[in-house]
Amino acid sequence: MSAPTHLDPRLLRAFVTVAEELHFTRAALRLYVAQQALSRDVRRLERELGSELFVRTTRQVTLTADGEHLLPYARRVLQAQDDLIAAAGQPRPLLVDLNSPGLPTPRRVLHRARELTPGHELMARYESGLTWAAAEVLAGRLDASFGRFAGLPEALRAGLDQQPVRYEPMAVVLPEDHRLAALEEVPLAAMAGETVYAGAGNPRTPEWTDLALRLFEGWDIALAPPEPLAVGDEEFERIMARTRCPVLAVVGFPALTSMVVRPLVDPVPLSPVSLVWRKGRIHPALDGLRRAAADIAAEEGWLRPPAEGWVSASDLVVMSSS
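Residues numbered from 1 in each chain as written. Predicted model: local features only at pLDDT ≥ 70, side-chain atom pairs only at ≥ 80, totals over all residues. Heavy atoms only, no water.

Observations regarding the overall build of the chain
When you go through the chain residue by residue, the secondary structure sums to 11 helices and 13 strands. Overall size of the chain, expressed as C-alpha extent along the three principal axes, is 70 × 45 × 35 Å. Residues classed as buried in the chain amount to 46% of the 322 residues present. Counted over contacts in the chain with a minimum sequence separation of 6, partners at least 24 positions apart contribute 75%. Only carbon and sulfur atoms are counted for the fraction: they give 53% of the accessible area of the chain, which is about 15900 Å². The distance from the centre of the 35 positive side-chain charges to the centre of the 41 negative ones in the chain is 5 Å. (Helix = DSSP H or I, 4+ residues; strand = E, 2+ residues; numbered from the N terminus. Buried < 20%, exposed > 50% of the residue type's maximum accessible area, 1.4 Å probe, protein only. Contact = heavy atoms within 4.5 Å. Areas by Shrake-Rupley, 256 points an atom, 1.4 Å probe, with all protein chains shown as cover. Lys, Arg positive; Asp, Glu negative; His and termini not counted. Charge placed at Lys NZ, Arg CZ, Asp CG, Glu CD.)

Let's talk about the packing of helix α1 (residues 9-21) against helix α2 (residues 24-31)
Helix-helix packing is described using two parameters, namely the angle between the two axes and the distance between the axes. Two elements in contact, α1 and α2, have axes whose closest approach is 8 Å; the angle formed by their N-to-C orientations is 130°. Taken together, the axis directions place α1 and α2 in an arrangement best described as oblique. Crossing angle aside, the handedness with which α1 passes α2 is right-handed. Mapping the contact onto sequence places R13, A14, T17, V18, E20 and E21 in α1 and F24, R26, A27, R30 and L31 in α2. Grouping the amino acids of the contact of α1 with α2 by side-chain chemistry returns five nonpolar, one polar and five charged. (Axes fitted to C-alpha atoms, helices over the stretch in contact; angles between N-to-C directions. Parallel < 35°, antiparallel > 145°, perpendicular 65-115°, else oblique. Left-handed = near helix turned anticlockwise from the far one by under 90°. Nonpolar A, V, L, I, M, F, W, Y, C, P; charged D, E, K, R; others polar.)

Thoughts on the packing of helix α5 (residues 104-116) against helix α10 (residues 284-300)
Close contact between α5 and α10 brings their axes to 8 Å; oriented N to C, the two are set at 120°. What the angle tells us is that α5 and α10 run oblique. In this structure, α5 crosses over α10, and the sense of that crossing is right-handed. In this structure, α5 contributes R108, V109, L110, R112, A113 and L116 to the contact, and α10 contributes G288, L289, R291, A292, A293, D295, I296, E299 and E300. Residues belonging to the contact of α5 with α10 are distributed by class as follows: eight nonpolar, one polar and six charged.

Examining the nonpolar core
The biggest cluster of nonpolar side chains holds 22 residues, and the ones touching the most others in it are F15, V18, L38, L45, L53 and F54. Those elements that provide at least two residues to this core are α1, α2, α3 (35-49), β2 (61-63) and α4 (65-87). (Core = buried A, V, L, I, M, F, W, Y, C linked by side-chain atoms within 4.5 Å.)

Quick notes on the side chain of E207
With respect to the element layout, E207 can be found in helix α8 (residues 206-216). Buried charge without a salt bridge: E207, with R148 as the nearest opposite-charge side chain at an N-O distance of 7.2 Å. A polar contact of 2.5 Å, which involves the side chain of E207, links it to the side chain of T131. Residues within four places of E207 in sequence aside, it is in contact with G129, L130, T131, R148 and G151. (Salt bridge = Lys/Arg side-chain N within 4 Å of Asp/Glu carboxyl O. Polar contact = N/O pair within 3.5 Å; in protein donor to acceptor, adjacent residues only side chain to side chain.)

Examining the pairing of strand β11 (residues 259-265)
Burial within β11 is extensive, with five of its seven residues counted as buried. As judged from the five bridges shared by strand β6 (residues 160-175) and β11, these two strands associate in the antiparallel manner. Residue pairing across strands places L174 opposite V260, the latter belonging to β11. With two bridges connecting them, strand β7 (residues 186-187) and β11 associate as parallel partners. If you follow V186 over to β11, its bridge partner there is L264. (Pairing = 2+ DSSP bridges.)

Considering unusual backbone geometry
Note: most residues except glycine have negative phi, and most peptide bonds are trans. Across the junction of D266 and P267, the peptide omega takes the value 0°, indicating a cis bond. In this structure, P267 sits in the loop between β11 and β12 (268-278). If you check the backbone angles, L22 has positive phi at about 50° while not being a glycine. Inspection of the secondary structure assignment puts L22 in the loop between α1 and α2.

Brief notes about the confidence of the model for the chain
Confidence in the prediction for the chain averages 90 pLDDT; 95% of positions are at 70 or higher. Across the chain, the secondary-structure element scoring lowest on mean pLDDT is helix α9 (residues 233-243), at 76, and the one scoring highest is β7, at 98. (pLDDT = per-residue confidence, 0-100.)

Next comes the structure, spelled out in structure tokens:
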């Protein structure tokens, strides 16, 4: 083996976990990462060391002689890292942006994470959109957020990690006397000729507006012009009562006065939700947040889009690459 000048502890942790499990799928589950990502980390470590660490066949995974030699040293490095984190004292609360009060997916993940990490404080914040929240995460004023990662500018994405959480079915919020409000589900074709509000002009949520534009293309649905930024349900209801525009939302959007929420169908448009945090961020509660997201996604089938679902091409790339 060659002697690199620097080794990323994440790569060592990937190596040690695979060495303990001798199974890439089980190791990926322990680390809450995709198996492809784990395999990439192990391959990267092997390249940096200039040596193969595992013998891989279709039936089994075994350590090479170099892998056996490296294992006790890697364990000592990781233990030293854990000791250093512990010596720094109790970490500050993990600040988790849920976008808006009442949105079901981030709230469920946060509640499960609190159950999984009872010794740590996780505090909710509400920044209204991932673009705005991502800048706060990079600045260290937030620790994590949820939203559409593919809609972020490349400059923001470069400093962030993400974990796909859910393909969330989308809906439309309608005045209760709207022509479509009597329907239990609203076919996308029935929205033809409508002007729909999707946050145009809001600097906090351009990723949502971009998704709306992709969805509306070819359906004769217009994007509503910008409105003043409404903070709080009362202001939002007041603006929407004045414009009477349908509002693009997700299933589970909280009920508002004199409005109804109807799922969109034929096809079912899906809003991709990722958990997002700053690259290199270390916090015990962040591990719990990632585990909570992975557990609920597996239990509820959140990452299995329905056959009749619609997902934008750019989102499919991002959601399948992590």
